[in-house]
Amino acid sequence: MKKNTIIIVGAGLAGLTAAISFAEKGYIVKVLLKDNIQTNSSYRAQGGIAVSIGKDDSTEKHFKDTLKAGHFLNKRQIVKENVLAGSKAYGWLVEKGVVFDEVPALEAAHSQRRVQRCGDITGKEMLSALKRYQEEKHPDIEFIECLLIDLIKEKSDCVSGVIYFQDDTIYHLYSDAVVLATGGIGGIFYKSSNFQRQTGDGIAAAWRSDAKITDMEFIQFHPTVFCTDNKRFLLSEALRGEGGRIVDDNGNRVMEGFHSDLDLAPRDIVSRSMEIYMKKFHKETLYLDMTHLDKKVMLSRFPNIYKYCKEEGYLLEKDPIPVRPAAHYSIGGIKVDSYGRTSIKNLFACGECTSAGFHGSNRLASNSLLECVVQGIAVGKNKIDSSEKVRFNCDNIRKLSDRSKNSKEIIDDLRHLNQENMGVIRNKKGLKRILEFCERYREEKEISLVNRDNIELRNMLCLSRLIASCALYREESRGVHYREDFPQEDESFFGHIVVQGEDLSFEKLIKKR
Ligand SMILES: Cc1cc2nc3c(=O)[nH]c(=O)nc-3n(C[C@H](O)[C@H](O)[C@H](O)COP(=O)(O)OP(=O)(O)OC[C@H]3O[C@@H](n4cnc5c(N)ncnc54)[C@H](O)[C@@H]3O)c2cc1C
């Protein structure tokens, strides 16, 4: 018997997992996605999914590694639940047709080889298998290529559908529940491993609906992103797991003097050390050096990375590859519990757009795909009752600022501004500059929403404001959030910052040690 209707926004690993989970329970499922099934972070994931199923491994070790990498800001209960659910999530994926390699990879800050992989295209393999499974078993799931604008919300604090944009038209689609699985925010930065259109739309829409948002100041910068003006791709941490080293143009090892684990130190430390090194020695770029390693091993373990580099004119066995830290992962997002429940009724969320407290102040490599699957399955366990559908008044759609510049120019300016001032190293002056920029475009005369660029720009301004405000509020350095004007950890900030509403009311939830 068909049940109620669920709208899932996002067709990455979290969204597809949730879609299949709800469909298996008989719900009618509609999935909204930008562009196509390949333009998301899940599809790009190379390294793998952290699951502690090895002979010498244990969930206890995974738990400890996660807390250590996260500087113990993680919510312990959530970490425990996620690492324990790892083997079930792995089994769920295998059952859906994902074929993992026999030998897992080692990645930074993991005490064991526990990163389960499908060559160096793990994300692509996972999504392809899930899509095949969905087409075979749940062909009724409807996919709508469009752009989420906002959530439809009843007065009684309950979400009852979405407003989306497609072919120059605005549509209203009603449902009994909405699940946001819109991924990260890398597109608000000039340099990022994410697709540029990854603009945090779900987080922005949830915030406009008054949902609680948390930990936004924590953005992870991946140390080894190949970045030219035209091309950006990630050089997986697993390369350093196999012995790759970060060096300067004279072959000096960058991590010497910064951390005893050298290139396998946690990501926040490697990225920050690289930035400090580049500043100190006036280097525009650093390099990932694999030239001392066996070509056969590289070709067999990283055939696709090898191919990307070759296309750009670099041979892994001969040439150090130019890399630099770039925005990679949003630790913060929509505040959810273990079942993906947000602070708003009938609004759920899973994947990178959420923050449940799993990652603390620095995500352990490959824990994100794990969280996507665990949360996607968990969100599907919610019982969804019929909601009363309300007619939505179009005038309620918040309006965009009019402006003399066109949206593309403003987007470009904003990306550069964020890159300069909200990157690995931050300070009060730079963060305020971002807030002033956002304010300028919010205050100007208002016009209505018109096109894709405007819709995304509106979200980018919102995200930039949220992140800069939280980063300003946290007057200390912790994990991936580094303030050069407050370089030490401050015990009074050992907790989470929650932000809500148009006027950004802050709540500081201090944890017990
Ligand atoms: C290059 C790269 C490599 C990575 N490697 C790893 C790894 O090896 N291991 C690991 O654990 N993590 C890795 N990560 C992180 C991990 O891939 C992501 O955190 C995870 O895939 C996020 O999944 P998601 O389903 O939440 O979001 P995504 O996979 O990004 O999917 C978001 C979906 O939302 C849709 N969407 C967004 N906005 C809208 C809108 N307005 N309207 C309609 N649809 C919308 C998009 O179209 C997309 O379908 C990597 C990330 C990158 C960028």
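Predicted model, so just to flag it, every value in this text is computed and none were measured. (Residues numbered from 1 in each chain as written. Predicted model: local features only at pLDDT ≥ 70, side-chain atom pairs only at ≥ 80, totals over all residues. Heavy atoms only, no water.)

A. Local environment of the site of the ligand. Of all residues adjacent to the ligand, which total 38 residues, the nearest are Ser-42, Gly-48, Asp-201, Glu-352 and Ser-368. At 3.1 Å from an oxygen atom of the ligand is found a main-chain nitrogen or oxygen belonging to Ser-41. Across the complex, the protein chains shield 98% of the 1,000 Å² of accessible surface that the ligand would expose by itself. Residue assignment for the shell around the ligand shows that the elements contributing at least two residues are α1 (13–24), β2 (28–33), α2 (41–44), β6 (147–154), β15 (321–330) and α11 (367–379). The greatest single-element share of the shell around the ligand, amounting to four residues, is contributed by α11. For the shell around the ligand, the class distribution of residues is 15 nonpolar, 18 polar and five charged. (Near = heavy atom within 4 Å. Polar contact = N/O pair within 3.5 Å; in protein donor to acceptor, adjacent residues only side chain to side chain. Areas by Shrake-Rupley, 256 points an atom, 1.4 Å probe, with all protein chains shown as cover. Helix = DSSP H or I, 4+ residues; strand = E, 2+ residues; numbered from the N terminus. Nonpolar A, V, L, I, M, F, W, Y, C, P; charged D, E, K, R; others polar.)

B. Up close: helix α8 (residues 267–280). Taking 1.5 Å per residue as the helical rise, α8 with its 14 residues ought to reach 20 Å, and the 20 Å between its terminal C-alpha atoms agrees with that figure. Within α8, eleven of the 14 residues are buried, leaving the element largely enclosed by the surrounding structure. Along α8, the residues classified as buried are Arg-267, Asp-268, Ile-269, Val-270, Ser-271, Arg-272, Ser-273, Met-274, Glu-275, Tyr-277 and Met-278. Contacts from the buried residues of α8 go to β11 (219–227), α7 (237–241), β13 (245–247), β14 (286–289) and β15. Directly beyond the C-terminal end of α8, a positive phi value near 50° is found at His-282. (Expected span 1.5 Å × (residues − 1). Buried < 20%, exposed > 50% of the residue type's maximum accessible area, 1.4 Å probe, protein only. Contact = heavy atoms within 4.5 Å.)

C. Inspection of the state of the cysteines at higher detail. Following the criterion strictly, the structure yields zero disulfides and no others. The thiol sulfur of Cys-118 is not disulfide-bonded, and the nearest other cysteine sulfur, from Cys-372, lies at 14 Å. You can see Cys-227 has no disulfide; the closest cysteine sulfur is in Cys-309, sitting 13 Å from it. (Disulfide = S-S within 2.5 Å.)

D. Region of interest: the nonpolar core. Of all hydrophobic cores here, the largest spans 111 residues; its most connected members are Val-162 and Leu-180. The element best represented in this core is helix α14 (residues 452–473), accounting for eleven residues. Setting aside anything within four residues of it in sequence, one finds Leu-180 in contact with Val-9, Leu-148, Leu-151, Gly-202, Ala-206, Ile-334, Leu-347, Phe-348, Ala-349, Cys-350 and Cys-353. Formed by 27 residues, the second largest nonpolar core is a distinct cluster that contains Leu-239, Val-254, Ile-305 and Leu-316. (Core = buried A, V, L, I, M, F, W, Y, C linked by side-chain atoms within 4.5 Å.)

E. Seen up close, the sheet that holds strand β17 (residues 347–349). A sheet is described by the order of its strands in space; here five strands give the open sequence β5-β2-β1-β9-β17, paired in parallel fashion. Looking at the sheet topology across the chains shown, the edges are occupied by β5 (142–145) and β17. Looking at each pair of strands side by side, their axes are set apart by 20° on average, direction ignored. The strands that α1 touches are β1 (5–9), β2, β5 and β9 (177–180); relative to β1, the one it contacts most, it runs at about 170°. (Pairing = 2+ DSSP bridges. Axes fitted to C-alpha atoms, helices over the stretch in contact; angles between N-to-C directions.)

F. View of the pattern of salt bridges. Tallied over the entire structure, the rule returns 33 salt bridges. With a shortest N-O distance of 3.2 Å, Asp-35 and Arg-452 are connected by a salt bridge. On the criterion of sequence distance, the pair formed by Asp-35 in the loop between β2 and α2 and Arg-452 in helix α14 is long-range, its members being 417 residues apart. Residue classification places Arg-452 among the partly exposed positions, given a relative accessible area of 26%. (Salt bridge = Lys/Arg side-chain N within 4 Å of Asp/Glu carboxyl O.)

G. Structural context of the domain arrangement of the chain. Looking at the chain, the domain boundaries give domain 1 (5–218 + 331–379), domain 2 (229–327) and domain 3 (395–487). Of note, the centres of domain 2 and domain 3, computed from C-alpha atoms alone, are 30 Å apart. Facing seven residues of domain 2, the contacting portion of domain 3 comprises six residues. Carbon and sulfur atoms make up 67% of the area that domain 2 and domain 3 hide from each other, which totals about 550 Å². The largest contributions to the domain 2 side of the interface with domain 3 come from Asp-268, Arg-272 and Glu-275, which together make up 65% of the buried area. (Domains from an automatic or database assignment. Buried area = accessible area lost by both parts, 1.4 Å probe.)

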